[in-house]
Amino acid sequence: MDRIILLGSHRERIVDWLMGHPRGHERGAIIYFRRFARPVDGLPFSQRFVSFDVELMDGDWILDSSQFHLRINMRKFPQVYHRCEKENLVLGFIHNHPRGILEFSEKDNINEANIIHGLAGCNGLSSHLVSLIYSQGAWSGRIRRGDRPTQVRLVRHIAILSDKLELHSVRDRGDLLKTFLRQEATFGKPFNAKLRSLRAVVVGLGGTGSPVATMLARSGIGELILIDGDKLEDTNMNRVRGYTSSDVGQKKAKSLKKFIDRLGVGVKVIAFPDFLGESGEAIDSLSSADIVFGCTDDVIGRDLLNQSLYYYGHLLIDSGLTGFIQEGEDGMPHLRDHRGRVSCILPEEGLVFDVRVL
């Protein structure tokens, strides 16, 4: 299933508008999305629709409204269709239900049918329409396509990226492994479903990245992409997780995938045994991610992660360790300095927190 991502500034503007009618009527807005639909071999195909701009439906956009309905002026849509075609954007339509109902109504079906019919006629049968409902702090969404206008695709989740990551309308598959029952008892029933809804990428699988990847798998993350072009060395063995001596000389990404597969915790994991800056497929896989963990000391790789954060609209957690070892008068190596850092970065917020340990 596909995913819908709203940036925090767009969410704030939309909610203020939808909830601001003086008589509590329904309101609507246009959201323009960027669509990222690059397949990742080995993982289920799942498009991401990331919000790009917002247009509020006021003035002559609205023919009639009340607390129970919203009738929009379809003659205003050609200009919206034109912008989508010109800027390669996906059309989104959102409205609120003041009565607190998150389900789509028959009137919603009619409105969407009219919008997708006009959109497909102007921009082609491959056009997409993203539909959203907001009510009392919760979100619901679905997607239609021009060549199959009557078919509704439910979404995996709706993510809000503000100063944190929020997940709404998460689909619980109901086949939870016994391994994760204690997590559910501790953190509540939505916790495991939200984790399973996420696709994470770990770039760099050494002393920092291998523990991150194995902990993500053991916590119940749904899908995991491992990226590292390095081979495991025997000098790595004092600080890595998930490897054995038989893996020395092998690509870290492939070896760690084998280890996680053997855990039997249900995570779908794939490996790119390449450096991020040297693999187009690995770079493309970033566009499919909800969260990226940067655990690399590769300068080019880190630059690519920073760029992808803003373009693809995902959460980046960057971490690393460094140290200075000097040979002493006794001829033995001595650790003179050791530092660590964990930084959380969001596309609109920039650096949310930066924890440094000396």
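Please refer to the structure higher up on the page.
Quick caveat: nothing in here was measured; it's all calculated off a predicted structure.

Cut-offs and rules
Residues numbered from 1 in each chain as written. Predicted model: local features only at pLDDT ≥ 70, side-chain atom pairs only at ≥ 80, totals over all residues. Heavy atoms only, no water. Patch = residues over 30% accessible without salt bridge, like charges linked within 9 Å, V, L, I, M, F, W, Y side chains within 5 Å. Areas by Shrake-Rupley, 256 points an atom, 1.4 Å probe, with all protein chains shown as cover. Salt bridge = Lys/Arg side-chain N within 4 Å of Asp/Glu carboxyl O. Helix = DSSP H or I, 4+ residues; strand = E, 2+ residues; numbered from the N terminus. Phe/Tyr/Trp six-rings, centres within 6.5 Å; stacked < 30°, edge-to-face > 60°. Buried < 20%, exposed > 50% of the residue type's maximum accessible area, 1.4 Å probe, protein only. Core = buried A, V, L, I, M, F, W, Y, C linked by side-chain atoms within 4.5 Å. Contact = heavy atoms within 4.5 Å.

A. Structural detail: a nonpolar patch on the surface. Together, M1, V152 and L154 give the surface a local cluster of nonpolar side chains, amounting to about 250 Å² of exposed area. Position of V152 among the secondary structure elements: in strand β9 (residues 148-161).

B. Region of the structure containing the packing of aromatic side chains. A complete count under the given rule lists seven aromatic pairs for this structure. The interplanar angle of 70° and the centroid separation of 5.7 Å between the aromatic rings of F36 and Y311 together place this pair among those described as edge-to-face. Taken together, the residues F36 in strand β2 (residues 28-36) and Y311 in helix α9 (residues 299-312) connect sequence positions 275 residues apart. The exposure class of Y311 is partly exposed, given its relative accessible area of 45%. Note on F36 and Y312: the rings are 5.1 Å apart at their centroids and 85° apart in plane angle, and the pair reads as edge-to-face.

C. Spotlight on the nonpolar core. If you look at the biggest cluster of nonpolar residues, it comprises 53 residues, and the most contacted ones within it are V202, L224, L226 and I260. Aside from chain neighbours lying at most four places away, what touches I260 is A213, A217, L224, L226, V267 and V269. If you look at the next biggest cluster of nonpolar residues, it comprises 21 residues, including I4, A29, F49 and I94.

D. Spatial organisation of the environment of S255. Relative to the helices and strands, S255 is located in helix α7 (residues 252-263). Along the chain, S255 and Y243 lie twelve residues apart, while their C-alpha atoms are 6.9 Å from each other. Setting aside anything within four residues of it in sequence, one finds S255 in contact with Y243, D247 and Q250.

None of the figures reported here should be taken as evidence of function without further support.
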